[in-house]
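If you want the building blocks of each chain, they are given just below.
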Amino acid sequence: MSKQKTNRRLYAITLMLAALVLPKWALAGEPEKEVVKQDIPALLKAYGKTWAEQDVEAAVALHTEDTVFRIMVAGVKPAKGKAELRELLTAIFTSMPNYASTPKKVIIGDNYGVFEYDMHIEANLVPQVGPHVFKPSDKAYSIPAADIIIFENGLVKEKVTYLDIETVRANQKH
């Protein structure tokens, strides 16, 4: 075997070993980000409490500065940052003074929680979601909903809410 082939093989073996032994950031030349272990069940419980109590400031305090909150309904713009989040939460809690929900399922990962629930709508309440204002119902009903909440360093980085708006439409007075 030629010296050149031997050197190429040694070089290839060295690269493979380095890839196995060295962290990826060392090969990329970027510093490794510190991974913070998060107690997702406790974070979800604390966050849920702020909603149950309709405490806008406490909820906002549990979000990162660059947080994004999306309600997945056509025409509803995402709230970006704490100021827009505060405005959105104030509008939600003002339009639903007796906000209540019933949990159905929770799925927890390393940095996220998926929360499936029923949001309860009171009789004669005028539901509003972003620019959409719906007619009230003469009876109470529930809207199936789900949240995906992503945490970063113990704070909400992103929240995405899915609401079954067709249930709202079906319950409007005609």
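Before reading on, note that the structure itself is shown above.
Residues numbered from 1 in each chain as written. Predicted model: local features only at pLDDT ≥ 70, side-chain atom pairs only at ≥ 80, totals over all residues. Heavy atoms only, no water.

**Digging into the overall build of the protein chain**
Then comes step 1: Across its full length, the protein chain carries 6 helices and 8 strands.
Then comes step 2: In the protein chain, the succession of helices and strands from N to C terminus is α-α-α-α-β-β-α-β-β-β-β-β-β-α.
Then comes step 3: For the protein chain, with 174 residues in total, the buried portion stands at 32%.
Then comes step 4: In the protein chain, once contacts between residues fewer than 6 apart in sequence are set aside, the share between residues at least 24 apart is 55%. (Helix = DSSP H or I, 4+ residues; strand = E, 2+ residues; numbered from the N terminus. Buried < 20%, exposed > 50% of the residue type's maximum accessible area, 1.4 Å probe, protein only. Contact = heavy atoms within 4.5 Å.)

**Points about the pairing of strand E7 (residues 141–152)**
A regular strand carries its side chains on alternate faces of the sheet.
Then comes step 1: Only one face of E7 is covered, namely the face carrying Tyr 141, Ile 143, Ala 145, Asp 147, Ile 149 and Phe 151; the face carrying Ser 142, Pro 144, Ala 146, Ile 148, Ile 150 and Glu 152 is uncovered.
Then comes step 2: In this structure, strand E4 (residues 112–121) lies alongside E7, joined through 10 bridges in antiparallel fashion. Paired with Tyr 112 across the two strands is Ile 150, which belongs to E7.
Then comes step 3: Two elements, E7 and strand E8 (residues 155–163), share 8 bridges in a ladder whose sense is antiparallel. Paired with Phe 151 across the bridge in E8 is Val 156.
Then comes step 4: Between the antiparallel neighbours E7 and E8 lie 2 residues, among them Asn 153 with a positive phi of about 55°. (Pairing = 2+ DSSP bridges.)

**Regarding the sheet that holds E8**
Then comes step 1: The strand order E2-E1-E8-E7-E4-E3 describes an open sheet built from 6 strands, whose pairing is mixed. Only two strands of the sheet have a single neighbouring strand rather than two, namely strand E2 (79–80) and strand E3 (100–108).
Then comes step 2: Where strand E1 (residues 63–71) meets E2, 2 bridges bridge the pair, whose relative direction is antiparallel. Looking at E2, one finds that Phe 69 is bridged to Ala 79.
Then comes step 3: Strands E1 and E2 of the sheet are contacted by helix H5 (residues 81–95), whose axis makes an angle of about 45° with E1. (Axes fitted to C-alpha atoms, helices over the stretch in contact; angles between N-to-C directions.)

**Thoughts on the nonpolar core**
Then comes step 1: Formed by 35 residues in total, the largest nonpolar core has its most connected members in Trp 51, Phe 69, Ile 71, Leu 89, Met 119, Val 129 and Leu 163.
Then comes step 2: Of all the elements in the fold, those that place two or more residues in this core are helix H3 (40–52), helix H4 (56–61), E1, H5, E4, E7, E8 and helix H6 (165–170).
Then comes step 3: When residues no more than four places from it in sequence are discounted, the contact partners of Leu 163 are Ile 71, Val 73, Met 119, Val 129, Pro 144 and Ala 145. (Core = buried A, V, L, I, M, F, W, Y, C linked by side-chain atoms within 4.5 Å.)

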